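Residues per chain, in single letters:
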Amino acid sequence: MENSQGRAITVTPTGAALGADISGVDLKSDISDDVFNEILDAWHRYSVLRFRGQHLDDDSLAAFSRRFGELDMAPITRTGRPYNPDRPEIAVVSNIVVEGKAVGSLGNSELVWHQDMSYKDLPPKASLLYGIEVPERGGETMFYSLYAAYEALPKDLAERIEGLTCKHDATRNSAGQLRHGFDESYTNEDRPGAVHPLVVRHPSSGRKALYLGRRPNAWVVGLSNKASDELLDALWAHIEHNDFTWTQQWQPGDLVVWDNRCTLHRRNQLEPTLRRLMHRTQVRDEARPVAA
């Protein structure tokens, strides 16, 4: 399929459990519906797409993101206010500090596997992350296929989680920081957060995937604290035991879009002295996660 400049786009799989490169497209230009549908098909097939060599401002980042659906607002910051009130849909992810004030969120943290905003009743279906300043080493983003994780489950573990739901903690972000307006501690029953199935069926691919969110403060609804912890520990041990991953080595101008419904992600270690500045958007899903 040709883009608006008459050049054919190319889809190149990474060869790993997920991920593909899309080349031959300028995301600041008008993208035809036919070309975008080819991009969308690749996204549903490979779960994570990378576009290298892009030159995006916040307007073009938001415009391309909206092709996937309605944009969600950026997650709540520790202050309760967006970093840019004029563009509340864009989150700033950075470790840069200017005059003692952080220019973005998450800093040098977010090192654990997670899905974005699973604490919401309607989590985002897509996350898009654009690299503006990236370190020469470290800070890679790793992605994990929850399709492959489900398909590799031992039979007894798959049977144990069938029909079960999990509450996802709304009080802390993926770096473990307490969000504005919440208390330090809750019981599992009282802790704010959304409840989703442990196994979901993807609305576009039809495939089954684990839906785990994050491990800290998660609770399998209806189980005792001990039984819930044992079951969740077994599921996360399964994640750590299997390498269904692909790692994004960042270059300036990289845009990566991942399917939040069937992938985990996390960041590798980053030296605090190395600057990292990224802008992120998230696309609202049309429906809640559905049990498989």
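Attention here is on the structure that accompanies the text. Keep in mind that this is a model prediction, so the values were computed, not measured.

1. Comments concerning the nonpolar core
- Within the largest apolar cluster, 29 residues are counted, with the highest numbers of intra-cluster contacts made by Y144, L146, I161, L198, L210, L235 and I239.
- Of all elements in the fold, only β9 (141-145), α3 (146-151), α4 (155-161), β12 (199-201), β13 (208-210) and α5 (225-241) reach the threshold of two or more residues within this core.
- Listed in part, the 26 residues of the second largest apolar core include A42, L71, A126 and Y130.

2. Focus on the sheet that holds strand β10 (residues 165-169)
- Pairing is antiparallel across the open sheet formed by three strands, whose spatial order is β11-β10-β14. Of all the strands in the sheet, the pair left with one neighbour each is β11 (193-197) and β14 (219-220).

3. A look at unusual backbone geometry
- Positive phi is not limited to glycine here, since S47 has a value of about 70 degrees.
- Along the polypeptide, S47 turns up in the loop between α1 (33-46) and β3 (48-51).
- If you check the backbone angles, M117 has positive phi at about 55 degrees while not being a glycine.
- Here M117 shows up in the loop between β7 (105-106) and β8 (124-133).
- Using a relative accessible area of 6% as the deciding quantity, one classes M117 as buried.

4. As for the side chain of S145
- Within the secondary structure layout, S145 lies in strand β9.
- Excluding anything up to four places from it in sequence, S145 contacts A17, L18, F244 and C262.

5. Let's talk about α5
- Between its first and last C-alpha, α5 extends 24 Å over 17 residues, near the 24 Å set by a 1.5 Å rise per residue.
- Every buried residue of α5 is listed here: S228, L231, L232, L235, W236, H238 and I239. Buried residues in α5, looked at end-on, bunch into an arc of 145 degrees, giving them a common side. Residues of α5 that are exposed and point more than 90 degrees away from the buried face comprise K226, E240 and H241.

6. What about the pattern of salt bridges?
- Counting across every chain of the model gives 20 salt bridges.
- Note that D72 is salt-bridged to K120, the shortest N-O span being 3.2 Å. Taken as a pair, D72 in the loop between α2 (58-66) and β4 (91-94) and K120 in the loop between β7 and β8 lie far apart in primary sequence, 48 residues in all.
- You can call D72 buried: its relative accessible area is 2%.
- K120 gets classed as partly exposed once you look at its relative accessible area, which sits at 25%.

Parameters and conventions
Residues numbered from 1 in each chain as written. Predicted model: local features only at pLDDT ≥ 70, side-chain atom pairs only at ≥ 80, totals over all residues. Heavy atoms only, no water. Core = buried A, V, L, I, M, F, W, Y, C linked by side-chain atoms within 4.5 Å. Buried < 20%, exposed > 50% of the residue type's maximum accessible area, 1.4 Å probe, protein only. Helix = DSSP H or I, 4+ residues; strand = E, 2+ residues; numbered from the N terminus. Pairing = 2+ DSSP bridges. Contact = heavy atoms within 4.5 Å. Expected span 1.5 Å × (residues − 1). Arc of directions from axis to C-beta. Salt bridge = Lys/Arg side-chain N within 4 Å of Asp/Glu carboxyl O.

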